[in-house]
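One letter stands for each residue in the lines below.
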Amino acid sequence: KFSGNSLAELYDPFTMPPELVKAHQKLDKLVERIYGRIFTNDEERVAFLFERYQQINNLLLTKTKKKTKTKRRK
């Protein structure tokens, strides 16, 4: 929808289209509802989400390594 805009324009708080601001606000509220916590700012929210991503990714990597090891033993 905003293909004519650069990422710098889209994520600059002074030039971000109002529709995009509203979409981000809805997503922020959804994340807070899903995880049951209120974040004080975007940096805190992003840090939390990256931490969760790392935890999930580590679990997936561990499961993949275990499956690979068991397949090799056969």
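Notes on the structure in this doc start here. (Residues numbered from 1 in each chain as written. Predicted model: local features only at pLDDT ≥ 70, side-chain atom pairs only at ≥ 80, totals over all residues. Heavy atoms only, no water.)

1. Observations concerning the side chain of E32
Cut-off, in case you're wondering: Numbering goes from the N terminus for both helices and strands, where a helix is a DSSP run of H or I of at least four residues and a strand is a run of E of at least two. Exposure categories follow from relative accessible area, calculated using a 1.4 Å probe and restricted to protein chains: below 20% of the type maximum is buried, above 50% is exposed, and the middle band is partly exposed. Pairs of N or O atoms within 3.5 Å make up the polar contacts considered here, provided that, within protein, one atom can donate a hydrogen while the other can accept it, and that residues adjacent in sequence are counted only when both atoms are side-chain atoms. Any two residues whose heavy atoms approach within 4.5 Å at even a single point are treated as in contact.
Position of E32 relative to the elements: it lies in helix α2 (residues 18-35). Residue classification places E32 among the buried residues on the basis of a relative accessible area of 14%. A polar contact of 3.2 Å, which involves the side chain of E32, links it to the backbone nitrogen of F39. Each residue touching E32, except ones within four places of it in the same chain, is listed here: R37, I38, F39 and R45.

2. Focus on a nonpolar patch on the surface
The cut-off we apply is this: Each patch is built from salt-bridge-free residues with over 30% relative accessible area, joining like charges within 9 Å and nonpolar side chains (Val, Leu, Ile, Met, Phe, Trp, Tyr) within 5 Å. Computed with a 1.4 Å probe, the accessible areas rest on the Shrake-Rupley method; for each residue, only the protein chains presented here act as cover. Any Lys or Arg side-chain nitrogen located within 4 Å of an Asp or Glu carboxyl oxygen qualifies as a salt bridge.
Residues L27, L30, I34, Y35 and L49 make up a contiguous nonpolar surface patch of roughly 440 Å² in combined accessible area. The greatest single-element share of the nonpolar patch, amounting to four residues, is contributed by α2. In this structure, L49 sits in helix α3 (residues 42-73). A relative accessible area of 31% means that L49 is categorised as partly exposed.

3. Focus on the environment of H24
As for its placement among the helices and strands, H24 is situated in helix α2. Residue classification places H24 among the partly exposed residues on the basis of a relative accessible area of 26%. With residues near it in sequence (within four places) discarded, H24 still touches Y11 and M16.

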